[in-house]
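# Remarks on the overall topology
Chain by chain, the residues:
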Amino acid sequence: MEFSFSSKYPFTSEARQKVDSSSLELNDEIMERAVQRVVSALKGEKGQPYRLHPSDELLELGSYAAARMMLSYLKNRFLTGRFAVAEAKRASAFMRSDSEENLRKLEKELGIEPVEIGGKLVLPVAQYVSFSPRSVDYRLIFRNVSDGHVEVNRAEVIRLMEEAVKMRMEELKPIQNPPKIIQEYSRRLMALVPREAVMRMSFKEGDNPPCVERLLEQLKGHQNLGHQARLALAVYLLAKNVPMEKVQSIFSNFPDYDEKKTRYQLEHIRKRGYSMPSCATMLSYGLCVADCRIGTPLRWKAWTKAKSGSS
Amino acid sequence: MDEGEKRFILRLFSDYYRKAEIEVPSVEQREFGAGGFEKKIESRHMGFESNAALQNYLIRDTPLYISHSIAYYRFPRATPMENKGWMGGDLVFDLDVHAGLFLTKEEQEKVRGDAARLVEDFLLSDFGIRRESIRMVFSGNRGYHVHVMDPAFRMLGGEARREISDYIAGKGLDYRSFFSSPEEDKWKIYGPKEGDRGYRGRFYRMAVKVLEENPGAIHRRLQKPEEAALLKEGMRTGLWSKTSIRDIVERMEAVAKMLPVQCIDVDTGVTIDTKRLIRVPNTLHGSTGLIARELRSLDNFEPYRDAAAFGAEPIRIEALQAVPAQEFLNSTMEKLEKGEKRDVPLSYGAYLLLKGAATLSS
């Protein structure tokens, strides 16, 4: 038995209609699944554990809907971000082996509709920039762009769809007075979340160039950043002699934070003596925001000091 | 500017608005902001039910500056911003000249050429936007505004708009990223090829041109026709290693240097702001008295001739500072020394007054 389209992609309108037209009611079984769904997202388990048997479609859809309701109620950006990442990865895992028919349906749903022109797969520019991941490989400037289209391949389309799912998951409708059962399980959920995971980070502001401030800002809002952005931020903080543990704790604000991986990567950066990307490189990664013309973000403090001294 | 002069200017503005044709698409969904002698935007969150209501306001309450939101709102007058109900916004580009108080002819021509290239090379060619959805407007001062009203781009957020703006400005463009070598065959270099579009295509075409016209600029050895032909043949299919020049990618620096010439210096801050206020086309700019004129074509447009609003009736002014000679209304305005009094055409007089470079004289 195959998983249904709705089970694989519970965020689609088809799935919502199924839930609406069924007489599904929130019960303990659904709520427990929903809590599990969020907790496994927190652990970075990428969705495998909460895959149910295909015949449990309504339980699957119900638990997804209930999880979203709890997140709306809790308004915790960290939890929401982690959930978004996990759900997006879960969906893209299905996409990679799904039928053409299902993929076309999903493309339509997400507003990412590639077409073939002259034997090449292309995507309308507006769709492309709406969902392109923040990574240098996807920067519009390095792509083939013409007549309103960007050349892409199938794998890239799936990556963009994953991004679209993530963005959809990050958006939550506020809910007033949720059912008692949602409130009750939300409390249970919070009790299961490790305290440090929701702790707010602290970092002295104002001492950093605008590009780094922006990264920190996004981090504080528990937004996900691309690989280059993380690397730049890590190198910057280490170069500023921020202790390793502190960097680690700052990075734990990322919705897709993985403690072991992060520690390994930070060690790696330190051992290999990675140098800070120059302003020009930051620019080409799409991370430059201010055009301060100081050569390297590390020169910021000296530069602002010199500036305030001269005026 | 003294009170009398301010009244004089506002009367000119009001008279202009009696005859002007101001038409803001979806006017009832836009937020408006107006400014006066103190600030370009003194009040925001205004709204108008119709273009006629807007025009009435301009005639009666005559602000010095009037802007509308690039955004469409459900409730344009609501505050704070979150309550307006954003329903998307036009994609807008702002081209400006960073120069002194008065522009030289060259500066004017450069920014006009840039605006034309923005429309032709980027908006029409690369982004496939239809000409009917593009509104080109002289900013009323130094540069140009280009409004794109294509529904496909309307819902883009700030980050997506930044990608587009960076693309046009060539921000972070590093030609080395066009090249790659496969892991298993390090000697092979793949790069832009014939038929490529976007910057890859531009780079390819420039490289071919340099190879044909001045191959020595890339490498001495390419002056031999056989060597250049070999490279060119490989390049056509994207294989750039068909040459004895090992550091061919580095050598292409000479070509890459010309790439920024093809970029356009658009103001990113304007494009990425989805709630930006921008001058209403065909209204007057309060720092010049020139019309922020909507243009069907940029060809042959000369701001000081074609955007002057008040005609050539003479008016006596006294220069508060030295003013260089410049073309205005089809004739040459001689340069003015500080303290010099002279009769000048009304449009030019208002222009100098608003620039703070002259005062009314009797």
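Predicted model, so just to flag it, every value in this text is computed and none were measured. (Residues numbered from 1 in each chain as written. Chains lettered and ligands numbered in written order. Predicted model: local features only at pLDDT ≥ 70, side-chain atom pairs only at ≥ 80, totals over all residues.)

## Regarding the overall build of chain A
The condition that has to hold: Only DSSP runs of H or I reaching four residues or more are called helices, and only runs of E reaching two or more are called strands; each is numbered from the N terminus. With C-beta atoms placed from the backbone, the exposure class of a residue follows from how many other C-beta atoms lie within 10 Å of its own: 20 or more, buried; 12 or fewer, exposed; in between, partly exposed. Residue pairs are scored as contacts if the distance between their C-beta atoms, which are placed from the backbone, is within 7 Å.
The helix and strand tally for chain A stands at 16 helices and four strands. Dimensions of chain A along its principal axes, counting C-alpha atoms only, are 70 × 55 × 35 Å. Buried positions account for 41% of the 311 residues belonging to chain A. Of the contacts formed within chain A by residues at least 6 apart in sequence, a portion of 76% connects residues at least 24 apart.

## Some points on the overall build of chain B
Along the backbone of chain B there are 12 helices and 15 strands. Overall, the C-alpha framework of chain B stretches about 80 × 55 × 30 Å when taken along its three principal axes. Looking at chain B alone, contacts between residues at least 24 apart form 63% of all its contacts between residues at least 6 apart.

## Quick look at helix H6 (residues 198–213) of chain B
To keep things clear, this is the line we draw: Helices are assigned an expected span. That span is 1.5 Å times one less than the residue count.
With 16 residues, H6 of chain B should reach 22 Å at 1.5 Å per residue; the first-to-last C-alpha distance of 23 Å fits that figure. Every buried residue of H6 of chain B is accounted for by Gly198, Tyr199, Arg200, Phe203, Tyr204, Met206 and Ala207 of chain B.

## So, the interface of chain B and chain A
Rules: The nonpolar class holds Ala, Val, Leu, Ile, Met, Phe, Trp, Tyr, Cys and Pro. Asp, Glu, Lys and Arg form the charged class, and all remaining residues, Gly among them, are polar.
Across the boundary between the two partners, chain B contributes 23 residues, which contact 21 residues of chain A. Put simply, the parts of the chain that give the side of chain B that touches chain A at least two residues each are helix H3 (105–126), helix H4 (151–154), helix H5 (158–169) and H6 of chain B. A per-element tally of the side of chain B that touches chain A places H5 of chain B first, with five residues. Of the residues assigned to the side of chain B that touches chain A, the class counts are 10 nonpolar, five polar and eight charged.

## Re the sheet that holds strand E4 (residues 149–151) of chain A
All names here are of chain A. Threshold: By definition, two strands form a pair when at least two bridges between them are found by DSSP.
Sheet architecture is open: four strands sit in the order E1-E2-E4-E3, paired in antiparallel fashion. Looking along the sheet, the strands with just one partner apiece sit at the ends: strand E1 (115–117) and strand E3 (145–146). One ladder, built from three bridges, connects strand E2 (residues 120–124) with E4; its direction is antiparallel. Note that in E4 the partner of Val122 across the bridge is Glu151.

## Things to note about the domain arrangement of chain A
Residues and elements named next belong to chain A. Put simply, the rule is: An automatic or database domain assignment provides the domain bounds reported here.
Taken as a whole, chain A is organised into domain 1 (5–95 + 174–196), domain 2 (100–165) and domain 3 (200–310). With eight residues of domain 1 at the interface, the matching set in domain 3 holds eight residues. Among the elements that make up the side of domain 1 that touches domain 3, the one with the highest residue count is helix H5 (residues 77–95) (six residues). By residue class, the composition of the side of domain 1 that touches domain 3 is three nonpolar, two polar and three charged.

## Focus: the environment of Lys257 of chain B
Residue and element names in this part refer to chain B. You can see Lys257 is positioned in the loop between helix H9 (253–256) and helix H10 (268–272). A count of 12 C-beta atoms within 10 Å places Lys257 in the exposed class. Sequence spacing of Lys257 and Tyr175 is 82 residues, and the spatial spacing of their C-alpha atoms is 9.3 Å.

## Description of the packing of helix H3 (residues 28–42) of chain A against helix H9 (residues 180–192) of chain A
Residues and elements named next belong to chain A. Put simply, the rule is: Orientation is described by axes fitted as lines to C-alpha atoms, over the contacting stretch for helices, and by angles from 0 to 180 degrees between their N-to-C directions. Take the far helix as your reference; a near helix turned counterclockwise from it by less than a right angle gives a left-handed crossing, and one turned clockwise gives a right-handed crossing.
Packing of H3 against H9 leaves a shortest axis separation of 10 Å and a crossing angle of 35 degrees. Considering the relative orientation of H3 and H9, their crossing is right-handed. Each of Met31, Ala34, Val35, Val38 and Val39 in H3 lies in contact with H9, whose residues at this interface are Ile181, Tyr185, Arg188, Leu189 and Leu192. When the residues that make up the contact of H3 with H9 are grouped by side-chain class, the tally is nine nonpolar, no polar and one charged.

## Focus: the confidence of the model for chain B
Threshold: Confidence scores per residue from the predictor, reported as pLDDT, run from 0 to 100.
Predicted confidence across chain B gives a mean pLDDT of 93, with 100% of residues reaching 70 or more. Complex prediction metrics read pTM 0.81 and ipTM 0.87.

## Looking at the sheet that holds strand E7 (residues 134–138) of chain B
Whether parallel or antiparallel, the strands of a sheet pair through hydrogen bonds between backbone atoms. Residues and elements named next belong to chain B. Taken together, four strands build an open sheet; the order of strands is E6-E8-E7-E10 and the sheet is antiparallel. Two strands close off the open sheet at either side, each with one partner strand: strand E6 (91–95) and strand E10 (294–295). Here E6 runs beside strand E8 (residues 144–148); their pairing, made up of five bridges, is antiparallel. The residue bridging Leu95 from the neighbouring strand is Tyr144, located in E8. The strands that H3 touches are E6, E7 and E8; relative to E8, the one it contacts most, it runs at about 20 degrees.

## Some details on the nonpolar core
Put simply, the rule reads: Here a nonpolar core is just a set of buried residues of the types Ala, Val, Leu, Ile, Met, Phe, Trp, Tyr and Cys, joined wherever their C-beta atoms sit within 7 Å.
Judged by nonpolar contacts, the single largest core of 144 residues is most densely connected at Val38, Met70 and Met161 of chain A together with Leu118 of chain B. Ranked by residue count, the leading element in this core is helix H4 (residues 57–74) of chain A, at 10 residues. Judged by nonpolar contacts, the second largest core, of 21 residues, contains Leu225, Val235, Val247 and Met282 of chain A.

## Considering the domain arrangement of chain B
Residue and element names in this part refer to chain B. Under the domain assignment used here, chain B contains domain 1 (3–171 + 265–306), domain 2 (175–262) and domain 3 (314–360). Its C-alpha centre places domain 1 at a distance of 27 Å from the equivalent point of domain 3. Opposite the 13 residues of domain 1 that make contact, domain 3 presents 15 residues. Broken down by secondary-structure element, the contributors of at least two residues to the side of domain 1 that touches domain 3 are helix H1 (3–19) and helix H11 (303–306). Considering every element that reaches the side of domain 1 that touches domain 3, the biggest residue donor is H1, with four residues. Classifying every residue of the side of domain 1 that touches domain 3 by side-chain character gives seven nonpolar, four polar and two charged.

## Quick word on helix H7 (residues 225–236) of chain B
Residues and elements named next belong to chain B. Condition: This arc is built from the directions going out from the helix axis to the C-beta atoms.
For H7, built from 12 residues, the straight-helix expectation of 16 Å at 1.5 Å per residue is met to within 8% by its first-to-last C-alpha distance of 16 Å. Within H7, the full set of buried residues consists of Leu231, Gly234 and Met235. In a view along the axis of H7, the buried residues occupy a sector of 105 degrees, so they form one face of it. Facing away from the buried side of H7 by more than 90 degrees, the exposed set consists of Pro225, Glu226 and Glu233. Once H7 ends, the next one or two residues include Gly238, with phi positive near 95 degrees.

## Thoughts on the environment of Leu42 of chain A
One can find Leu42 of chain A in helix H3. Spatially, the C-alpha atom of Leu42 of chain A lies 8.8 Å from that of Tyr257 of chain A, the residues being 215 residues apart in sequence.

## A word on the confidence of the model for chain A
Predicted coordinates in areas of low pLDDT are best not read in detail. Averaged over every residue, the pLDDT of chain A is 85; the share at 70 or more is 90%. Ranking the helices and strands of chain A by mean pLDDT puts helix H7 (residues 125–131) of chain A first, with 97, and helix H10 (residues 195–198) of chain A last, with 55.

## Description of unusual backbone geometry
Most peptide bonds are trans, and most residues other than glycine sit at a negative phi. Residue and element names in this part refer to chain B. Here the residue pair Thr79 and Pro80 is connected by a cis peptide bond, since its omega of -10 degrees sits within 30 degrees of zero. Among the secondary structure elements, Pro80 is positioned in the loop between strand E4 (71–73) and strand E5 (86–89). Unusually for a residue other than glycine, Asn282 sits at a positive phi of about 70 degrees. Along the chain, Asn282 turns up in the loop between strand E9 (277–279) and E10.

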